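Letter by letter, the chains look like this.
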Amino acid sequence: MAPFEDASLRAEHDTLAARVSARSSIDDVRRGAYASFGFVISTGLTVKFAWDRWGSGPRPARIPGRYPLLFLGALLVAVVLATVAIRAFLRARAGMVVEDRDFARLREIRVQLGIDA
């Protein structure tokens, strides 16, 4: 290999090694997992508030207000958390594809440079 090719491969190796040293997509997976947990909890609250208002069973002594504010609030939180979770998982997947591609290229360069046999 020519010296200038070796130097350019070494520079690309160092750049890729710095980039793949930490997988930032894991942070997106963590964010999605937290949002998914919150989504499950808020969905349960939404179902509970809907059941309390419209479900069968003994009627409350006091008639509920005109608008189901607790139900709508819990529903809004559930929708927002579902959106956050989906976006985080999609962003994580896109990041993983890039990280896997960079890691494969890094391994090719290491073989070409003779670092890995």
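Just above sits the structure.
Counting restarts for each chain: residues are numbered from 1 in the order of the written sequence. The predicted origin of the model limits local features to residues at a pLDDT of at least 70 and limits the giving and counting of side-chain atom pairs to 80 or more, whereas totals for whole chains, interfaces and linings rest on all residues. To obtain the side-chain values, all non-hydrogen atoms of the structure were included, while hydrogens and water were left out.

(A) Spotlight on the environment of P58. Here a helix means four or more residues in a row that DSSP labels H or I, a strand means two or more in a row labelled E, and each is numbered from the N terminus. Topologically, P58 is positioned in the loop between α2 (25-54) and α3 (69-113). Put simply, P58 and L106 are 48 residues apart on the chain and 67 Å apart in space, counted from C-alpha to C-alpha.

(B) Examining the packing of aromatic side chains more closely. Stacked, tilted and edge-to-face are the three classes assigned to paired rings of Phe, Tyr and Trp, where Trp is represented by its six-membered ring and a pair needs centres within 6.5 Å; plane angles under 30 degrees give stacked, over 60 edge-to-face, the rest tilted. By the definition in use, this model includes one aromatic pair. Judged by centre distance (5.3 Å) and plane angle (85 degrees), the ring pair of W54 and F71 falls under edge-to-face. Of the two residues, W54 sits in helix α2 while F71 sits in helix α3, which places them 17 residues apart along the sequence.

(C) Focus on the side chain of T46. Inspection of the secondary structure assignment puts T46 in helix α2. Each residue is assigned to one of three classes by its accessible area relative to the maximum for its type, calculated with a 1.4 Å probe on protein chains only: buried under 20%, partly exposed between the two thresholds, exposed over 50%. Owing to a relative accessible area of 9%, T46 belongs among the buried residues under this scheme. Here a polar contact means two N or O atoms within 3.5 Å. Within protein one must be a hydrogen donor candidate and the other an acceptor candidate, and residues neighboring in sequence count only if both atoms are side-chain atoms. Here the side chain of T46 touches L75 through a polar contact of 3.4 Å, landing on its backbone nitrogen. Those residues in contact with T46, other than ones at most four positions away along the chain, are F71, A74, L75 and A78. Contact between two residues is taken to exist if any of their heavy atoms lie within 4.5 Å; hydrogens are not considered.

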